[in-house]
Protein chains: 2
Amino acid sequence: MLSRASKYAILSTLYLAEHASKEKKMSVKAIAGSINVPSPFLAKLFQQLVKCNIISSTKGPNGGFFLTEENEKKTVIDIIEEIDGTNKIDDCFLGLAKCDGNNPCPVHFIVEPFKRKIFGKFRDQTIKEFADEVEAQGSVLFLSGLEKKK
Amino acid sequence: MLSRASKYAILSTLYLAEHASKEKKMSVKAIAGSINVPSPFLAKLFQQLVKCNIISSTKGPNGGFFLTEENEKKTVIDIIEEIDGTNKIDDCFLGLAKCDGNNPCPVHFIVEPFKRKIFGKFRDQTIKEFADEVEAQGSVLFLSGLEKKK
DNA sequence: ATATTAAAGGATAAAAAGGTCTTTTAATAA
DNA sequence: TTATTAAAAGACCTTTTTATCCTTTAATAT
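All of these numbers come straight from a predicted model, not from anything done at the bench.

Undergrad: Help me get a handle on the overall build of chain A, residues and values and all.
TA: Scanning chain A from terminus to terminus reveals seven helices and two strands. Along the chain direction, N to C, the helices and strands of chain A fall in the order α-α-α-β-β-α-α-α-α. For chain A, the spread of C-alpha atoms along the three principal axes comes to 55 × 30 × 30 Å. Per-residue burial for chain A yields a buried fraction of 49% across its 150 residues. Within chain A, contacts between residues separated by at least 24 positions form 62% of all contacts whose residues are at least 6 apart in sequence. On chain A, roughly 7,700 Å² of surface is accessible, and the fraction owed to carbon and sulfur atoms is 50%. Across chain A, 22 positive and 19 negative side-chain charges occur, with their mean positions spaced 7 Å apart.

Below, the structure is given as structure tokens:
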């Protein structure tokens with residue numbers, strides 16, 4: 001459903017929202033190390049995210065990545081659409097080119113409500129809101145290994 | 001979530017259940033043509049499915065693929081596990097290596113009920129039962145294009 | 001100003017997934 | 001028993017995805 005690339009992008013953007021700020025920018029390496037993602041790959045993804053204004057960066061000493069208030073208003077759907085492309089998000093679970101209520105695949109009516117729910121959340125919650133919820137609920141953002149001490 | 005290969009395998013097995021029988025075997029080409037799947041690729045998948053006794057085949061004139069009563073008792077999960085491997089089915093939506101109630105990814109509690117529902121169905125319904133339901137509900141099995149006339 | 005730091009950019013490599021083709025084997029109809 | 005048919009087997013090829021590396025550019029601390 002989601003490519004590994006967009007999973008990385010989502011997790012690291014949420015991580016940025018939680019741990020970085022204009023005053024405390026984070027380097028690719030630090031983030032990649034924290035959430036356990038290959039850093040050169042993440043660097044590429046971040047280039048893309050900066051270009052489309054989902055995250056921000058500055059170069060040089062004390063440079064790094066962070067979110068502006070504008071960035072914080074973006075959504076997870078924005079990330080997915082940027083990385084995976086608009087079209088792929090809503091693909092039929094069984095691969096039918098045209099799958100809808102009139103033309104349902106064998107699991108359409110099970111998958112539909114789930115999609116509605118998760119993409120609704122991804123669309124309606126800002127990154128900031130999402131990150132706050134993640135923090136409040138103690139959700140996990142690192143792919144593997146043990147949590148890094150704060 | 002599912003590879004294209006296992007999507008093809010599921011759709012074509014359901015198609016077999018509905019349209020083929022010991023008396024009326026179907027060739028790869030016929031099936032591939034009907035559901036709009038590349039036939040050499042489907043041929044490879046069918047080899048695998050025959051080996052693990054999910055579908056059956058005979059060679060020669062009037063040969064082809066069909067389901068025995070034993071085959072009909074297999075499940076969609078059996079197909080997925082054979083094609084994609086046991087492990088991949090239940091992967092975390094956001095790619096966490098270890099994602100569960102104690103260690104939830106940010107969308108765990110949305111994804112969990114969906115997985116429970118769809119994999120429950122895939123596990124508990126036999127291919128035969130599933131195919132009958134598909135037929136009763138008029139679900140679509142062809143990937144693209146128009147339905148072939150019977 | 002200059003050295004240093006960290007992102008940007010571009011080129012490439014490795015791996016996985018998806019897809020094709022040709023030869024061999026086995027069943028059967030004639 | 002032979003020609004024919006259709007699957008089995010195995011070798012390839014292509015595209016996409018994932019991942020790495022090296023050079024350039026731009027901040028900034030000194």
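The discussion continues.
Undergrad: Can you lay out the packing of helix 3 (residues 39-51) of chain B against helix 5 (residues 76-84) of chain B for me, pointing to particular residues and giving the numbers?
TA: Residues and elements named next belong to chain B. Contact geometry for helix 3 and helix 5: axes closest at 10 Å, N-to-C directions at 115°. Relative to helix 5, helix 3 is oriented so that their crossing is right-handed. Only Ile79, Glu82 and Ile83 of helix 5 make contact with helix 3, whose side of the interface consists of Leu45, Gln48 and Leu49.

Undergrad: Account for the relation of the copies chain A and chain B, naming residues and giving values.
TA: When chain A is fitted onto chain B, the two copies agree to an RMSD of 0.1 Å after a turn of 180° and an axial shift of 0.0 Å. Such values leave the two copies arranged in the relation of a two-fold axis. For chain A, the residue whose C-alpha comes nearest the rotation axis is A:Met1, separated from it by 2.7 Å. Looking at chain A, 100% of its interface residues are interface residues in chain B too, so the copies touch through the same face.

Definitions and limits used
- Residues numbered from 1 in each chain as written.
- Chains lettered and ligands numbered in written order.
- Predicted model: local features only at pLDDT ≥ 70, side-chain atom pairs only at ≥ 80, totals over all residues.
- Heavy atoms only, no water.
- Helix = DSSP H or I, 4+ residues; strand = E, 2+ residues; numbered from the N terminus.
- Buried < 20%, exposed > 50% of the residue type's maximum accessible area, 1.4 Å probe, protein only.
- Contact = heavy atoms within 4.5 Å.
- Areas by Shrake-Rupley, 256 points an atom, 1.4 Å probe, with all protein chains shown as cover.
- Lys, Arg positive; Asp, Glu negative; His and termini not counted.
- Charge placed at Lys NZ, Arg CZ, Asp CG, Glu CD.
- Axes fitted to C-alpha atoms, helices over the stretch in contact; angles between N-to-C directions.
- Left-handed = near helix turned anticlockwise from the far one by under 90°.
- Least-squares fit on C-alpha atoms with pLDDT ≥ 70 in both.

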